[in-house]
Amino acid sequence: MADDCSWRVSSPRPCETYRAEWKLCRSARHRLHHYYVHGERPSCEQWRRDLASCHDWEQHRNPEAQRSLCESERARAQNAQKYTLVWALRRSPPADWHLPLAQQKDE
């Protein structure tokens, strides 16, 4: 089960990173922002589980904790990829990028 993970010796992130994310998730500012954007309170349970799994992996080398961290990171990456970009990316600058803007032409 641990063979499908791309990391072997350490967790994908340091445990301090999971702790910082859990602390941020529990902060009043983040809760207010998340409620404003999504209309519901954020669930910080996954960050807490990841922190516990990270500590379990680093202290006891528990393969179940490694698998849990691997699945969590994979789900987090897939969740980040499902959103489309708002702006269309350019391949090159516009042909008239060096010309004055319309407001500058009027003056």
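Throughout what follows, the structure given in this document is the object of discussion. This one's a predicted model, so the numbers in the text were calculated from it and none came from an experiment.

1. Brief notes about helix 4 (residues 63–81)
(1) Moving on: Along its 19 residues, helix 4 runs 27 Å from first to last C-alpha, staying within 8% of the 27 Å computed at 1.5 Å per residue.
(2) Moving on: The inward-facing, buried residues of helix 4 abut helix 1 (15–26) and helix 3 (45–60).
(3) Moving on: Two or three places before Glu 64, at the opening of helix 4, Asn 62 has a side-chain oxygen 3.0 Å from that residue's backbone nitrogen.

2. Notes on helix 2 (residues 28–38)
(1) Moving on: Within helix 2, only one of the eleven residues are buried, which leaves the element largely exposed.
(2) Moving on: Of the residues one or two after helix 2, Gly 39 is the one with positive phi, at around 80°.

3. Thoughts on the packing of helix 1 against helix 2
(1) Moving on: At a minimum axis separation of 5 Å, helix 1 and helix 2 run at an interaxial angle of 65°. Put simply, helix 1 runs roughly perpendicular to helix 2. The segment helix 1 lies against helix 2, with Leu 24, Cys 25 and Arg 26 engaging Ala 28, His 30 and Arg 31.
(2) Moving on: Residues belonging to the contact of helix 1 with helix 2 are distributed by class as follows: three nonpolar, one polar and two charged.

4. Digging into the layout of surface pockets
(1) Moving on: Each pocket or cavity is described by its volume, and for the largest pocket that value is around 480 Å³.
(2) Moving on: Lining the largest pocket are 17 residues, with His 34, Ser 43, Trp 47, Arg 76 and Asn 79 sitting closest to its centre.
(3) Moving on: Among the elements of the structure, helix 1, helix 2, helix 3 and helix 4 are those that each provide at least two residues to the lining of the largest pocket.
(4) Moving on: Among the residues forming the lining of the largest pocket, the class breakdown is seven nonpolar, seven polar and three charged.

5. Quick word on the pattern of salt bridges
One side chain can pair with another of opposite charge once the charged atoms of both are near each other.
(1) Moving on: Summed over the entire model, instances satisfying the criterion amount to six salt bridges.
(2) Moving on: Among the ionic pairs, Glu 73 bridges to Arg 13, the shortest N-O distance being 3.2 Å. Of this pair, Glu 73 sits in helix 4 while Arg 13 sits in the segment before helix 1, placing them 60 residues apart in sequence.
(3) Moving on: Residue Glu 73 is classed as buried on the basis of its relative accessible area, which comes to 17%.
(4) Moving on: Between Glu 45 and Arg 48 there is a salt bridge, with the nearest N and O atoms lying 2.4 Å from each other. Of the two residues, Glu 45 and Arg 48 both sit in helix 3, three residues apart, roughly one turn of that helix.
(5) Moving on: Classification of Glu 45 by relative accessible area gives partly exposed; the value is 33%.
(6) Moving on: By relative accessible area, which is 36% here, Arg 48 ends up partly exposed.

6. Concerning the packing of helix 1 against helix 3
(1) Moving on: Close contact between helix 1 and helix 3 brings their axes to 9 Å; oriented N to C, the two are set at 160°. By the angle between their directions, the pair helix 1 and helix 3 is classed as roughly antiparallel. The two elements helix 1 and helix 3 meet at a crossing, and its hand is left-handed. On the side of helix 1, the interface is formed by Cys 15, Tyr 18, Arg 19, Glu 21, Trp 22 and Cys 25, while helix 3 contributes Trp 47, Arg 48, Asp 50, Leu 51, Cys 54, His 55 and Glu 58.

The rules we used
- Think of each chain on its own: its residues are numbered from 1, step by step along the sequence as written.
- In keeping with the predicted nature of the model, local features appear solely for residues at pLDDT of at least 70, side-chain atom pairs appear and are counted solely at 80 or more, and the whole-chain, interface and lining totals rest on all residues.
- The side-chain values count all of the structure's non-hydrogen atoms but skip hydrogen atoms and water molecules.
- For helices the rule is a DSSP run of H or I covering at least 4 residues; for strands it is a run of E covering at least 2, with both sets numbered from the N terminus onward.
- The span you would expect from a helix comes to 1.5 Å times its residue count less one.
- The contact rule is simple, with two residues in contact once any of their heavy atoms fall within 4.5 Å.
- N or O atoms within 3.5 Å of each other form a polar contact, as long as, within protein, one can give a hydrogen and the other can take it, and as long as residues adjacent in sequence are counted only when both atoms are side-chain atoms.
- Relative accessibility under 20% of the residue-type maximum defines a buried residue, over 50% an exposed one, and the middle range a partly exposed one, all with a 1.4 Å probe and only protein chains included.
- Every axis in this analysis is a line fitted to C-alpha atoms, fitted for helices over the stretch in contact. Angles between the N-to-C directions lie between 0 and 180 degrees.
- Working rule for angles: under 35 degrees goes down as roughly parallel, over 145 as roughly antiparallel, 65 to 115 as roughly perpendicular, anything else as oblique.
- Each residue receives one of three labels: charged for Asp, Glu, Lys and Arg, nonpolar for Ala, Val, Leu, Ile, Met, Phe, Trp, Tyr, Cys and Pro, and polar for the others, Gly being one of them.
- A 1.4 Å probe that fits into a set of points on a 1 Å grid over the protein atoms alone but cannot get out defines a cavity; an open set with protein on both sides within 12 Å along at least five of seven lines defines a pocket, and lining residues are those with an atom within 4 Å of a point.
- Grid points are joined across faces, edges and corners, and a volume is the space filled by probe spheres set on the points.
- Think of a salt bridge as a Lys or Arg side-chain nitrogen and an Asp or Glu carboxyl oxygen that are within 4 Å of each other.
- In this scheme the handedness of a crossing depends on how the near helix is turned from the far one: anticlockwise by less than a right angle means left-handed, clockwise means right-handed.

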